[in-house]
Amino acid sequence: MPAADKLTVERVLVRARSGSYDALCGQGALDRAHREVQRLGPFTGVFLLSSPRVWKIWGRKLRTFSQGIGVQEIVLFDDREASKHLGTVESICRQLIRCGADRRALLLALGGGVVGDVAGFAAASYLRGVSLVHVPTTVVAQVDSAIGGKTGVNLPEGKNLVGAFYPPRLVLVDPRFLRTLPDREYRSGLYEVIKYGAIVDPALFSLLERDLDKLLRRDPRTLATVISRCIRAKARVVSCDERESGLREILNFGHTLAHALESLTRYRRYLHGEAVAWGMIFCAALSETSSLARSTEVARLVRLILRVGPLPPLPRVSAAELLSAMRADKKSRRGRVRFVLAHKIGKVSVGHEPTNAQVARAWVRLQEDRLLNWPKSLTSSPRWRA
Ligand code: NAD
Ligand code: GLY
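Below or above, wherever it landed, is the structure these notes cover. As the structure is a computational prediction, the values presented were derived from the model and not from experiment. (Residues numbered from 1 in each chain as written. Chains lettered and ligands numbered in written order. Predicted model: local features only at pLDDT ≥ 70, side-chain atom pairs only at ≥ 80, totals over all residues. Heavy atoms only, no water.)

1. A few points about the overall build of the protein chain
Move 1: Counting its regular elements, the protein chain contains 14 helices and eleven strands.
Move 2: For 386 residues, the compact-globule estimate of 2.2 N^0.38 gives 21 Å, and the protein chain sits close to it at 20 Å.
Move 3: Its C-alpha atoms put the protein chain at 60 × 45 × 40 Å along the principal axes.
Move 4: Excluding contacts between residues fewer than 6 apart, the proportion of contacts in the protein chain whose partners are at least 24 apart in sequence is 77%.
Move 5: Summing over all exposed atoms, the protein chain offers an accessible surface of approximately 16,800 Å²; the carbon and sulfur share of this is 49%. (Helix = DSSP H or I, 4+ residues; strand = E, 2+ residues; numbered from the N terminus. Rg over C-alpha atoms; globule rule 2.2 N^0.38 Å. Contact = heavy atoms within 4.5 Å. Areas by Shrake-Rupley, 256 points an atom, 1.4 Å probe, with all protein chains shown as cover.)

Set out below in structure tokens:
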């Protein structure tokens, strides 16, 4: 692990029904792992769960860390979205049995959102639940999936359809991991960062407007500030509504369209954050036509999203096909498609059910690039396959 710059490590408390936990965030968070894990114990064994890809990049650099916390066994599994299924959970649990992991074992999930969701669900179900520590290594995992206790896997019928709310005992968020993240993965995570500004944190949004270029260069200080702000925002939301019975739904801003885009393109065209970016632009258009948000607020959101970089183009599907894909989402109720819509930067509300005609109009507007007249080159770069 490269040496940490002299930046502070922050402790954020996340409340959960079955026990609150800390998220330690900042450069150097990982260097505190030994002491922090000791405080949670004792454990009969520490089992590190990761993917071959993450371990290949980080395994050697983490030797001191692994020895420090006494990792007994390393269990690697494929972290492609296609492998996020029950078969992988079964294989992990069987390996844990063979390694002698008992009820007082600690599982340490090192990786992106896929590793965290799969390892988290394994921790929730193995011997009816063993302790879990998340060490997230992507932007998405650091600002979103490692916080809040959602774990789970996909079924052939859809994403994240089997899972559990299973809070970790600790989350160690060290932005140094992001130095090796491929550019497209990194940018995709930034859309989720923008989401926090748009839904609950107008000051974060202004900071992003000012410092986006630094963030795109992965400036350590900016990155540390932004990540810890996102974690605090997520912690506030999930501490109030762990089981998504109200407030937590705001985190789904942009996700109604995003999930439809992902399923319409068979999960091949978009990284999740990119689909969320289109989803937020779509919601901005809907919010404006529903007279919820002023065009100046909508323009700020769309501009910031587009500054992050090019988005893969939208699929050429009709509004009827789009609506049908949206209805299949697990968040629709009685076949009605629900949206989180924006009022202004930093304020959204949940449970909006626009008419089919309104959705169709916003879709056509998006497809025709009529929102803000953004440059064609942003969506039609030859790098993106249709
Ligand atoms: P990911 O886990 O697929 O990781 C992306 C790629 O980056 C992988 O190939 C991985 O091996 C690699 N990688 C990870 N860390 C790296 C590093 N430091 N350096 C280089 N490469 C690295 O992608 P993701 O965006 O982190 O997570 C997406 C998943 O998270 C989805 O399955 C989504 O459903 C889930 N998710 C869950 C929640 C939740 O609340 N539980 C929230 C958001 C997303
Ligand atoms: N990523 C959405 C949530 O945690 O609820």
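2. So, the environment of Ala233
Move 1: For Ala233, the location among the structural elements is in helix H9 (residues 220-240).
Move 2: Judged by relative accessible area, Ala233 falls into the buried class, the value being 1%.
Move 3: Sequence separation between Ala233 and Asn356 is 123 residues, and the spatial gap between their C-alpha atoms is 33 Å.
Move 4: With residues up to four places along the chain from it excluded, the contact list for Ala233 reads Tyr196 and Val200. (Buried < 20%, exposed > 50% of the residue type's maximum accessible area, 1.4 Å probe, protein only.)

3. Re the site of ligand 2
Move 1: With respect to spatial proximity, the complete set of residues near ligand 2 consists of Asp144, Lys150, Lys234, Glu244, Arg248 and Leu251.
Move 2: Between ligand 2 and Lys150, the relevant distance is 2.8 Å, taken from an oxygen atom to a side-chain nitrogen or oxygen of the residue.
Move 3: The separation between an oxygen atom of ligand 2 and a polar side-chain atom of Arg248 is 2.8 Å.
Move 4: In isolation ligand 2 offers 190 Å² of accessible surface; the protein chains occlude 86% of this area.
Move 5: Class assignment of the residues belonging to the shell around ligand 2 gives a composition of one nonpolar, no polar and five charged. (Near = heavy atom within 4 Å. Polar contact = N/O pair within 3.5 Å; in protein donor to acceptor, adjacent residues only side chain to side chain. Nonpolar A, V, L, I, M, F, W, Y, C, P; charged D, E, K, R; others polar.)

4. A look at the site of ligand 1
Move 1: Taken together, 26 residues form the shell around ligand 1, and within it Arg53, Asp79, Glu81, Thr138 and Thr180 come nearest.
Move 2: In this structure, a nitrogen atom belonging to ligand 1 sits 2.7 Å away from a side-chain N or O atom of Thr180.
Move 3: Across the complex, the protein chains shield 90% of the 870 Å² of accessible surface that ligand 1 would expose by itself.
Move 4: Looking at the shell around ligand 1, the elements that each hand over two or more residues are helix H2 (52-58), helix H5 (113-125), helix H6 (139-145) and strand E8 (158-165).
Move 5: The greatest single-element share of the shell around ligand 1, amounting to four residues, is contributed by H2.
Move 6: Residues of the shell around ligand 1, tallied by class, amount to eight nonpolar, eight polar and ten charged.

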